[in-house]
Structures are given as structure tokens and as C-alpha cells.
Amino acid sequence: MAHLLGGLLTTPFLYKPITSSSHAFDSLYIKRAAELADKSAGFTAPHPNFGCVIAVPNNGCGGKVVGEGYLYAEGTVPAEVQAVEAAGEQCRGATAYLNMEPCDCHSNSSAVSALIKAGISRVVVGIRHPLQHLRGHGIHALRSEGLQVDVLGEDTQKKTIEEALKSCLFVNAPLLYRAACRVPFSVLKYAMTLDGKISTSSGHASWISSKMSRTRVFEMRGRSDAVIVGGNTVRRDNPRLTARHGGGHVPRRIVLSQTLDLPEEAHIWNVSEVPTIVATQRGARRSFQKVLASKGVEVVEFDILDPRDVMEYLYDRGYLSILWECGGTLAASAISSGVIHKVHAFVAPKIIGGKNAPSPVGELGMVEMTQALELIDVFYEQIGPDILVSGFLQPVPDLTPTIPSVQETSAIDPTISPYESSIIFFYKTWDPYGAFSNFSLHPIEMPDENGELVTWSSIEHYYQAQKFVGVSDPVAKSCIEEIKCAKSPEEAARIGRRIQRQQPNLVRPDWESIKIDVMYKTLKCKFTTYPYLNSLLLSTAGSVLVEGSPHDLFWGGGRDGEGLNYLGRLLMKLRSEFLGDSSTTQNPLLHQTSENK
């Protein structure tokens, strides 16, 4: 998908030796690492895209690639490990090229260890890790073992590395924007005629762009966590918003509607393959909300339905990248709210005219051309008869100037302690306490139906598979195997939830009554297996642990603290058990129910 990186990686990579400067050599292979990293776009969310290239000198005239790899998803084999395995003994004295600093934290240091043990002598890093509590750890770990580590733009300042640096920024632009802006990376996509119309005056819009352009849109959806439309689009177009032909995963569909003036029957209400979320204003059409809920559609209310509030909510849910496919009114509102970061505009060689025919962006309140918003890093591509114009509305964030972390603030002002918080929130695996998550990459061994120990890649793999254990239907057994083979915890969750939603007859009848016990046993196994996790859990003594999911009202704390927080409760119960605190059974937190919460 090199064309989706903004045009910087538009030609196939050729393994030709470089006879110019070493900076050009570094630039070429860093761009290749970024190109490899882009292969996992849409699958890694909400984690970074990592690529690794290992090269050795080639008779003094440039270099030769001996190993490559990319991270498919969190929980799968790291890019560095793949590249090292491919290169074998040729790693000794070789140079590793990484588009981003490798992750090195208490839960996973395999990427860094692989490079060190393989005998790599030099590492060239495109950009530092964008997350504050991880930034610098990987580079420090490599340098402390004697490896030479160069960071583009820091250790190498030559003009030749500018494009390579941009390719690293672009391939992880969603994570960079998310870290800097505290909202998901948002892309506005639309198709318009040469005279700037998105439909005729009557509202007819099929089809403005070509079939080739529409295939590209499917690819864009496959790289996104969710697709957003407004109520007008649902009423007028009755879209499915799938990623068919795109080759990526299927994103969630999100509808923004203040009044819920929506049709009772629509393609988007079919959630058998992919979930749909409707965001609306508090109190809107309560009866219709019940209709949507009966179809399996999730309804989320906001005091005021503002695009920024919705994006902040989706940020809290862990979303990384959002594709906006809405009409002009909602597009203008989103741009005015400052939540749109990039634009993809398909321009078809057609003219339809019409004073009242709608344009892709509604009123922004601009009265002079000097107020016009200009795209940055603009890229033009011909797709069949159409032209795709892409560019950023806001520059890719420079995360070099950082806000001090809690630990750094504590060093400046000793009266501030990072350990005095009475509540510790955890949710996604990138959080400082992310290892508490059932999605964290910590394999566990659990007994099967015959008492034999079986290794599972994560708690989430085991938990999802247990839904179908003991069911006599042979399809249930194949479901268990499919979940066990899932490449990542996120993928295991998607498979398990999809099967549960589509084939409820395959779910064991006692699942609702035993799922808490299943989760507790797996947590106990995990925190017993890994001593450093046990120490991390015990270090939270005296603090309330809250799983910070804003939408999971059972395992999580919920958006406004209305959730049951069973995952947090189980961890506190486990902590008390490890500490030998018999007061656990007296803790009202562990016995709170939906009636008395």
C-alpha cells in the first residue's frame, strides 16, 4: 500500500547497491522499513506499525538486504525477530533499519533482545516511540549493550534523509496524531465532480467516481478502525460501509445523528458481520433507541453532539484511525472542531452544475481567500479517469518537544509523587499499567478438558475460546481452534465475539455464570507465572484499580463510572490474596451488583 503513505513510497523497492554516501544508503533502507511497516495498516490498531530491514556491506559498494520483517499485530512475532531469523548468521556486524524505535518495556523486550543476541552492530531508527512512557527505552537498551544507534534527524542531519524521515512519520501518522492531539487520527474522504459537487440537486450521487476509485475507498476502510457517516447519508444512500475488496479488516460503522430521524430499516443496522454505533443527543427518540438496541446496534448519548466530544469518546475507547465519509454539513462541523487531520478528495472528470447541488464541505464562515485552509504534503495520483488529491490539514506532529512525565515532574518537584494516586486506571496495553489488561502479550498455560496443560497466547485467547468449550457441536470445536490460532488478542476477541453474535447456539449454556471465574483463574495464572507482573500488581496496594473502558459496563468502569469494573475488582481480589489479606471477602467493591452499584 505504498500509495497510501502520501506518495513517498510509490515505486517497488529494488535491491540495488548504493555507491553514494552512507546517508543515502540509510535513507533507502529506512524507507523500505516504512514500506514493510505499512503492510499491517488496519491490523495493528491501536498499536504502531513496525518494519525492520537488516543489511550487510556488499563488496564495498553499498549494501545487501539479508533479512526483513514487519509486525502484523500486537501479540504476533516482532518485525525485528522476523528479520533476525531470516538473516541468520549474517546478522553479525550487520546494520538493522527500523522505521520506529523498538518497544522495550516490562511486558515485552523481545525486539530489542533479538537485535542484541544476533550480533547486530549498528541500528538506524527512523523516529522515536511516540508514547511518552516508552520513548527512549529501546534506544537506551541498545546503546547500553554497545550497539551504535543513529536516529534520523537527530544523529544524521543531511538533506538526503528528509524523505525517509517523512515516510516514517506517515506510516505511523495515526499514532503520532493520537498521542499529540488526544483524539483518533481522522481522515475526510469524498468524491466530487470538476465543478465541486457531491451529488445532483435532487440528491442523486451514484456514481461520481470510477470503480477503481471506489476500490481504493474499500482499501481506506480496511485501514481504519471505524467509518463515520451522518444521518443524511443513511437516509439518502442506505450504505453498507464495508471494506469488501479492500483486503483489510472490517471497520465499525458509526452514525452521528442529533435527532435520530433515521429509517427503521437500513443496511447499516445489520450487525451480523460488523458492529454499528449510533451517537446522538441525550434524550433523542427513546423509543427508536430501543428499536436500534433490539437489532444489536449500540447507542451512545452525548449532552451535545459535537464532533470533538465524539472523537474524545472514541479516543477513550482506544480507536486509532477514523475515516469520515459524511456529507458537507457534518464535514464542515468536523473541520471546524479541529478533528480532521487529513483529506482524500477524488475528483472525477464530470460536470453536473446546479446552484443547489451540494458541495463536499458546508459553511465554514470564511469570507476571504486568506482564510482558506491549505493542505500540507499534497500528493496527486491518477486512478483510472479520476484524480486523487491527498494532503494533511495539520502537520504531522513533532513529538520531540515533550511534556514531562509524572516521574520527571516528581524529579523537578519532590512534593509530587507518582505513587500517591488513590485510583489507577488501565485499559490498553500501551498504558503504564497496560500489562494488567487481558489483551497484554503474556502467554499462559491452562488445563484443557482432559487436564493437559495447553499454552495460550494471551488471556483473551483463552477467555474467548472458553465460550465454546464442552458444546457437542463439532463446529464449536473448530471455533475454539480458530480462536487459539488467532494472530493477536484483538483478532481472538473479534472472532469470539462474531461467533457469539452470529451463532449463539454454539455458546455453552453456563457461560454467563462462569465467565467471572474463568477470568479470575486466568489472571491468577498470569500473575503467578510472571514475577515482575506480580511485583507490579503488589506495588498498587492501597489503590483502587479501574479498567478504563468507556463502553464495557461489565469488565470496565464505563464512561461515567457506571460500569461494574469486574476486571479491576478481580485484580484487587488477586492482589489481596497475594498479600494474604483476608479482608478481601469483606470488600464491598467485590460484591457490588447492578442493583446496588
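Positions within a chain are numbered from 1, following the residues in the order the chain's sequence is written. The predicted nature of this model means local features are confined to residues of pLDDT at least 70 and side-chain atom pairs, given and counted, to a pLDDT of 80 or more, with totals for whole chains, interfaces and linings taken over all residues. Note: side-chain values were computed over all heavy atoms of the structure, leaving out hydrogens and water.

Chemist: Looking at this structure, how should I read the pairing of strand β16 (residues 444-447)?
Modeler: As a general feature of sheets, a regular strand has side chains that alternate between the two faces. Each residue is assigned to one of three classes by its accessible area relative to the maximum for its type, calculated with a 1.4 Å probe on protein chains only: buried under 20%, partly exposed between the two thresholds, exposed over 50%. By the criteria applied, helices consist of DSSP H or I runs no shorter than four residues and strands consist of E runs no shorter than two, each listed in order from the N terminus. Of the two faces of β16, only one is covered, namely that formed by I444 and M446; the face formed by E445 and P447 stays uncovered. Inspection of the sheet shows β16 paired to strand β17 (residues 453-456) by four bridges, in the antiparallel sense. Residue pairing in the sheet places M446 in a bridge with V454 of β17. The pairing criterion is simple: DSSP has to find at least two bridges between the two strands.

Chemist: When you look at the side chain of D26 in this model, what are you seeing that I'm missing?
Modeler: When you line up the elements, D26 lands in helix α1 (residues 22-37). Given the relative accessible area of 2%, D26 is considered buried. Residue contacts for D26: discarding those within four places in its chain leaves Y97, R122 and V124. Here a residue-residue contact requires only that any non-hydrogen atoms of the pair lie within 4.5 Å.

Chemist: What is the right way to read the sheet that holds strand β11 (residues 321-324) from this model?
Modeler: Across a sheet, strands are paired by hydrogen bonds formed along the backbone, either parallel or antiparallel in direction. Strand order in the open sheet formed by nine strands is β10-β9-β8-β7-β11-β6-β12-β14-β13, with mixed pairing between adjacent strands. In this open sheet, the two edge strands, each paired with only one partner strand, are β10 (298-302) and β13 (376-383). Neighbour-to-neighbour, the strand axes of this sheet turn through a mean angle of 20°, independent of strand direction. In this structure, β13 lies alongside strand β14 (residues 386-392), joined through six bridges in antiparallel fashion. Only the contacting stretch of a helix is used when fitting its axis, a line to C-alpha atoms as for every element, and angles between N-to-C directions run 0 to 180 degrees.

Chemist: Got a minute to help me understand unusual backbone geometry in this structure?
Modeler: A negative phi angle is the norm for most residues apart from glycine, just as the trans form is the norm for most peptide bonds. Not every positive phi belongs to a glycine, and L241 is a case in point at roughly 55°. Counting through the fold element by element, L241 comes out in the loop between α8 (231-237) and β8 (252-256). Judged by relative accessible area, L241 falls into the buried class, the value being 4%. Phi at L260 is positive, roughly 60°, even though this residue is not glycine. Tracing the backbone through its elements, the reader meets L260 in the loop between β8 and β9 (276-281). Looking at L260, the relative accessible area reads 0%, which means it is buried.

Chemist: I keep staring at the environment of I444 and nothing clicks. Help me out?
Modeler: Topologically, I444 is positioned in strand β16. For the pair I444 and I459, spaced 15 residues apart in sequence, the C-alpha separation works out to 7.0 Å. Ignoring anything within four residues of it in the chain, the contact list for I444 reads V454, T455, W456, S458, I459, Y462, T522, C525 and K526.

Chemist: How do you make sense of helix α9 (residues 286-294) when you look at a structure like this?
Modeler: Among all positions in α9, only F288, Q289 and L292 are buried. Down the axis of α9, the buried set is contained in an arc of 105°. They therefore lie on one face. Set apart from the buried face of α9 by more than 90 degrees, the exposed residues are S287, K290 and S294. Summarising the contacts, the buried residues of α9 are in contact with β9 and β10. Working note: the arc is built from the helix axis to C-beta atom directions.

Chemist: It is not clear to me how the nonpolar core should be interpreted in this structure. Could you clarify?
Modeler: The term nonpolar core refers to a set of buried residues drawn from Ala, Val, Leu, Ile, Met, Phe, Trp, Tyr and Cys, joined through side-chain atoms within 4.5 Å. Ranked by internal contacts, the top residues of the largest apolar core, which has 77 residues, are I54, I120, V123 and W269. Non-local contacts of I120, meaning those with residues more than four positions away in its chain, are made with I54, C91, A94, A96, L115 and L147. Counting 46 residues, the second largest nonpolar core, distinct from the first, contains M446, W456, I495 and L571.

Chemist: Help me out: how do you make sense of the sheet that holds strand β5 (residues 148-151) in this one?
Modeler: The mixed open sheet is built from five strands, whose spatial order is β2-β1-β3-β4-β5. One side of each edge strand has no neighbouring strand; the edge strands of this open sheet are β2 (63-70) and β5. The mean inter-strand angle of the sheet, taken between neighbouring strand axes irrespective of direction, is 20°. In this sheet, strand β3 (residues 95-100) lies alongside strand β1 (residues 51-57) in antiparallel orientation, the contact comprising four bridges. What sits directly across from C52, in β3, is L98.

Chemist: Honestly, the pattern of salt bridges in this entry has me stumped. Any pointers?
Modeler: Between side chains of opposite charge, a pair can form when the charged atoms approach closely. Whenever Lys or Arg places a side-chain nitrogen within 4 Å of a carboxyl oxygen from Asp or Glu, that contact is recorded as a salt bridge. Here the structure, examined in full by the defined rule, presents 23 salt bridges. The residue D26 makes a salt bridge to R122 at a minimum N-O spacing of 2.8 Å. Here D26, found in helix α1, pairs with R122, found in strand β4 (residues 122-127); they are 96 residues apart in sequence, far enough to count as distant. In this structure, D26 and R122 share a single accessibility class: buried. Two residues, K166 and D377, come together in a salt bridge whose shortest N-O distance is 2.6 Å. Here K166, found in helix α5 (residues 162-171), pairs with D377, found in strand β13; they are 211 residues apart in sequence, far enough to count as distant. A residue is classified by how much of its surface remains accessible, and D377, at 30% relative accessible area, is partly exposed. Here the salt bridges share partners, and the residues they tie into one network are R282, R286, E301 and D303.

Chemist: Help me understand the packing of helix α13 (residues 459-466) against helix α15 (residues 489-502) in this model?
Modeler: Each packed pair of helices is defined by two parameters, the angle between the axes and the distance between the axes. Packing of α13 against α15 brings their axes to within 8 Å, and their N-to-C directions diverge by 10°. As the angle between them shows, α13 and α15 are arranged roughly parallel. The residues of α15 that touch α13, namely those facing E460, H461 and Q464, are P489, A492, A493, G496 and R497. All residues other than Ala, Val, Leu, Ile, Met, Phe, Trp, Tyr, Cys, Pro, Asp, Glu, Lys and Arg, Gly among them, are scored as polar; the first ten of these are nonpolar and the last four charged. Here the contact of α13 with α15 is composed, by residue class, of three nonpolar, three polar and two charged. An angle counts as roughly parallel when it lies under 35 degrees, as roughly antiparallel when it exceeds 145, as roughly perpendicular when it falls between 65 and 115, and as oblique in every other case.

Chemist: Could you clarify how one ought to interpret the confidence of the model for the protein chain in this entry?
Modeler: For residues with low pLDDT, the predicted coordinates do not support detailed interpretation. Across the protein chain, the average pLDDT comes to 83, with 85% of residues at 70 or higher. A residue's pLDDT is the predictor's confidence in that residue, given on a scale from 0 to 100. Here residues 6-20 scores under 50 on pLDDT; set against residues more than four positions off or in separate chains, the count is 38 contacts. Counting interchain partners and residues more than four positions distant, the pLDDT-below-50 stretch residues 582-597 has 21 contacts.

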